[in-house]
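# Residue-level structure breakdown
The lines below spell out each chain.
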Amino acid sequence: MGPKAKKSGSKKKRITKADRLKQLQEEEEKRQKEEEEARVKYEKEEMERLEIQRTEKEKLQKLEAKDLERRNEELEELYLLEACFPEAEKLKRDSRLLSQWKHYTQCDGSPDPSISQEINTFISLWKEEANETFEAVTAKSKLVLNQASTLADLDSGNMEKVIRDENVTLYVWANLKKNPRYRSIRFSETQIGFEIPRILATSDIALRLLHTHYDHVTPLGPVPTAPQEHTSTVTYFGKDEVKSVEAAVSKDLQEEYNEQENESNAVHEEETKVDEQGGIEGQTSSVQEEPEATKYELEMKLLSETVSAAQLLLLENAPEKPYFSEENEVDLCQFTALGGVHHLDILELPPQCKPRKGWMIVEILKEGLQKYTYPPETAEDFETENAFPPIEVMLEVHENVIFFENPVVARWDAEGKHWKTDGISNVSYKSEDRLITFSLETLGPVTLIQDAHVNMPYQSWELRPLDVNKVLLTVTTVFTEIQIQIKENLCMLASIKLNDKKHSSILEEKWMTPVSFIIALKEAGLNIFPTGHSHFYVVINYKLPLVEVKAYRQMALLSSAFAFGWSKWNTVCDSKKVVFQVREHLPKEEPIQNPNWTLLMFSGDRAQSLKINESSDAFSEALKEETEFHSTLYHMVKDFASKEAMKKVRCSNCQFVDSVCHMLLSTRLLSYS
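Keep in mind that this is a model prediction, so the values were computed, not measured.

The subject of this paragraph is the overall build of the protein. Counting its secondary structure elements, the protein contains 11 helices and 23 strands. Expressed as a percentage of the 673 residues in the protein, the buried residues total 41%. Contacts in the protein between residues at least 24 apart in sequence constitute 67% of all its contacts with a sequence separation of at least 6. By element, 50% of the accessible surface of the protein is carried by carbon and sulfur atoms, the whole surface being about 39500 Å².

This is the structure we're talking about:
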């Protein structure tokens with residue numbers, strides 16, 4: 001038997017303590033080497049970062065110093081450009097004087113808006129005429145109701161009549177048959193009508209609905225309303241406020257004028273002596289002309305200060321929210337009445353005319369038409385609680401008014417002199433048919449109201465040149481897109497889009513002055529004009545009024561050759577700065593699919609181009625490379641603008657610039673977007 005085979009493999013070699021120590025030492029040395037390399041790298045990167053910061057800081061300091069050096073020069077040039085605002089105001093005053101003269105020569109009995117006594121007299125007479133107007137309507141109602149039997153419908157046996165005027169529509173229905181089955185009333189060719197309870201269907205009554213297409217019931221709210229545009233500094237605030245501002249501003253200017261007057265008189269005396277000694281007569285005449293020129297300069301300076309103060313006052317927010325003591329009272333700072341007022345009445349049916357041998361005999365009541373009390377003040381004879389159910393009313397929404405949400409029905413409280421929402425139930429609205437149905441406990445004046453801030457805040461906006469002294473302002477909200485054209489001292493509604501579809505309006509293609517245009521848009525339900533109380537009802541991006549005013553004024557100056565647009569970064573920066581997009585846009589250029597916008601930040605005293613753009617991940621105030629600081633937007637865009645664009649800016653019409661600025665101030669795009 002042979003020898004046994006050896007086992008395959010060998011025993012694992014054991015690591016000695018010395019080898020383990022050596023291995024640990026090598027690992028420690030490697031770790032220390034890596035840490036040293038990382039430390040050296042960090043120190044190098046830190047030194048490079050600090051060097052970059054130092055270089056950038058030195059660069060910014062140089063740019064800031066350069067900006068300070070030329071600030072006075074830039075502000076002086078801006079002051080000359082902004083002379084268009086007092087020039088536009090002077091044109092308004094001249095127009096006002098001409099209007100006053102025409103008014104004086106016409107002698108038509110209309111009042112002068114600048115004379116309070118004439119306005120008070122006119123209002124008193126107007127109230128009397130208004131009463132006469134309603135008396136005329138009442139007389140028509142009485143005439144129709146007295147002859148109701150001769151005008152009765154063959155099917156129902158009752159009478160209905162519709163009388164239309166330009167601003168008033170009268171609906172009259174007489175219950176002649178007193179048939180309890182005829183409880184649904186519809187006026188012919190309309191959807192307007194009533195659903196009356198059985199107790200009324202069997203009574204001698206008539207229903208009258210007087211629809212005034214204007215609102216003569218709602219009292220003026222706590223917000224000061226803008227006066228007529230022809231009054232001094234009219235586009236911004238009231239005449240009394242203008243006088244107070246002018247008095248404050250002109251105090252120093254008058255002293256300055258007196259000093260210059262004294263100096264000019266002294267110079268005039270010296271020149272007179274020179275003339276007596278054989279001087280040139282032309283010198284004397286030139287000195288006499290100097291006071292006139294100085295007076296004109298001071299007048300323009302006063303106008304400039306007044307307009308600036310007025311524009312700033314327009315952006316002031318009210319410090320306190322209006323307080324309403326009664327429950328269900330409509331807050332007229334939050335809501336607005338649209339589509340006029342519907343006066344609903346139940347009348348006692350007067351005696352009907354009767355034919356007798358070719359004559360029509362009718363009993364005439366001295367007291368005239370009498371209102372039928374429903375529900376009666378005393379209901380002792382009726383045991384059930386539902387003996388006098390509410391009356392169902394169906395109204396058509398006025399065709400020229402837009403409701404973006406379901407209308408709210410409000411009734412007039414004659415005792416409290418305000419609108420209230422109680423006593424109204426079962427409200428339903430069919431937007432396609434523009435028909436609203438509701439139930440009223442007691443008939444009286446009613447109106448439809450809408451949140452005045454339904455289109456605030458705006459989602460975006462753009463101001464774009466169209467032609468010479470003509471721009472297009474586009475405001476996009478949650479519900480609509482409104483386009484407004486502005487030229488010279490006129491504005492026009494260019495288009496409206498609802499749900500991305502064009503919507504026709506009676507206001508389209510009608511040029512109006514800015515104040516009239518704003519009022520017309522509000523009355524049509526297209527309110528994009530915040531008031532001093534709007535910040536209580538809308539989440540806004542508050543900006544300092546002074547910064548806003550300076551931005552709007554300079555944007556208006558540049559609007560003839562530059563387009564401006566909304567930026568999402570405007571909500572990120574603080575209240576002392578505004579951010580928006582700008583690009584050169586000459587009217588003759590072809591539309592660009594993806595225009596190259598420049599992002600500007602403006603603080604009122606400094607303008608800069610930002611390094612970021614709209615698609616950046618985070619906001620940064622870093623200055624764009626190869627750009628500088630400037631004290632005005634005009635000089636900021638001048639760095640990258642063409643000569644043709646700047647020429648158009650300098651040649652802009654003063655009334656056009658003033659109108660664009662007025663629209664920007666009225667919409668407050670930088671705070672309500």
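On we go from here.
An order of β19-β18-β17-β16-β15-β20-β21-β22-β23 is seen for the nine strands of this open sheet, with the pairing classed as antiparallel. Bordering the open sheet on either side are β19 (501-503) and β23 (607-609), each of which pairs with just one other strand. For this sheet the average axis-to-axis angle between neighbouring strands, irrespective of direction, equals 25°. Here seven bridges tie strand β15 (residues 460-467) to strand β16 (residues 470-476), and the two strands are oriented antiparallel to one another.

Right, let's get into the packing of aromatic side chains. Under the counting rule described, the total for this entry stands at six aromatic pairs. Measuring from ring centre to ring centre gives 5.7 Å for Tyr374 and Phe388, while their planes differ by 70°; the resulting arrangement is edge-to-face. Here the residue Tyr374 occupies a position in the loop between β8 (359-361) and β9 (391-396), and Phe388 occupies one in the loop between β8 and β9, the gap between them amounting to 14 residues. Across the pair, exposure class does not vary: Tyr374 and Phe388 are buried alike. Centroid distance Trp412 to Trp419: 5.2 Å. Interplanar angle 70°. Geometry classified as edge-to-face. On the basis of relative accessible area, Trp419 is assigned to the buried category, the value being 1%. The ring of Trp511 is capped by Lys487, whose NZ or CZ atom sits 4.4 Å from the centre of that ring. Directly above the ring of Phe629 sits Arg606, whose terminal nitrogen or CZ lies 4.6 Å from the centroid.

The next subject is the pairing of strand β13 (residues 435-440). With respect to burial, β13 is a largely interior element, six of its six residues being buried. With six bridges connecting them, β9 and β13 associate as antiparallel partners. Bridging across to β13, Glu396 finds its partner in Leu435. The hairpin formed by strand β12 (residues 424-430) and β13 contains four residues between the paired strands, and Arg434 there has a positive phi angle of roughly 55°.

Right, let's talk about the packing of helix α2 (residues 84-106) against helix α11 (residues 654-667) for a bit. Packed helices, taken two at a time, are described by the angle their axes make and the gap between the axes. At their nearest, the axes of α2 and α11 sit 8 Å apart, and the two run at 100° to each other. In terms of orientation, α2 and α11 fall into the roughly perpendicular class. Of α11, the residues touching α2 (which contributes Cys84, Phe85, Glu87, Ala88, Leu91 and Lys92) are Cys654, Gln655, Val657, Asp658 and Cys661.

So, about the pattern of salt bridges. One pass over the structure, following the stated rule, counts 28 salt bridges. The partner of Arg31 in a salt bridge is Glu35, with the nearest N and O atoms 2.5 Å apart. Here Arg31 and its partner Glu35 are both found in helix α1 (residues 17-81), four residues apart, which amounts to about one turn of the helix. Using a relative accessible area of 37% as the deciding quantity, one classes Arg31 as partly exposed. In this structure Glu35 comes out as partly exposed when scored by relative accessible area, which is 45%. Where Arg606 meets Glu64, a salt bridge forms, and the shortest distance between an N and an O atom there is 3.6 Å. With Arg606 in the loop between β22 (598-602) and β23 and Glu64 in helix α1, this residue pair connects regions lying 542 residues apart in the sequence. Here Arg606 falls in the partly exposed class, since its relative accessible area comes to 22%. Residue Glu64 is classed as partly exposed on the basis of its relative accessible area of 31%. Linked by salt bridges that have partners in common, Glu64, Asp67, Arg71 and Arg606 make up one network.

Here is what the cut-offs are and how they apply
Residues numbered from 1 in each chain as written. Predicted model: local features only at pLDDT ≥ 70, side-chain atom pairs only at ≥ 80, totals over all residues. Heavy atoms only, no water. Helix = DSSP H or I, 4+ residues; strand = E, 2+ residues; numbered from the N terminus. Buried < 20%, exposed > 50% of the residue type's maximum accessible area, 1.4 Å probe, protein only. Contact = heavy atoms within 4.5 Å. Areas by Shrake-Rupley, 256 points an atom, 1.4 Å probe, with all protein chains shown as cover. Pairing = 2+ DSSP bridges. Axes fitted to C-alpha atoms, helices over the stretch in contact; angles between N-to-C directions. Phe/Tyr/Trp six-rings, centres within 6.5 Å; stacked < 30°, edge-to-face > 60°. Lys NZ or Arg CZ within 6 Å of the ring centre and 35° of its normal. Parallel < 35°, antiparallel > 145°, perpendicular 65-115°, else oblique. Salt bridge = Lys/Arg side-chain N within 4 Å of Asp/Glu carboxyl O.

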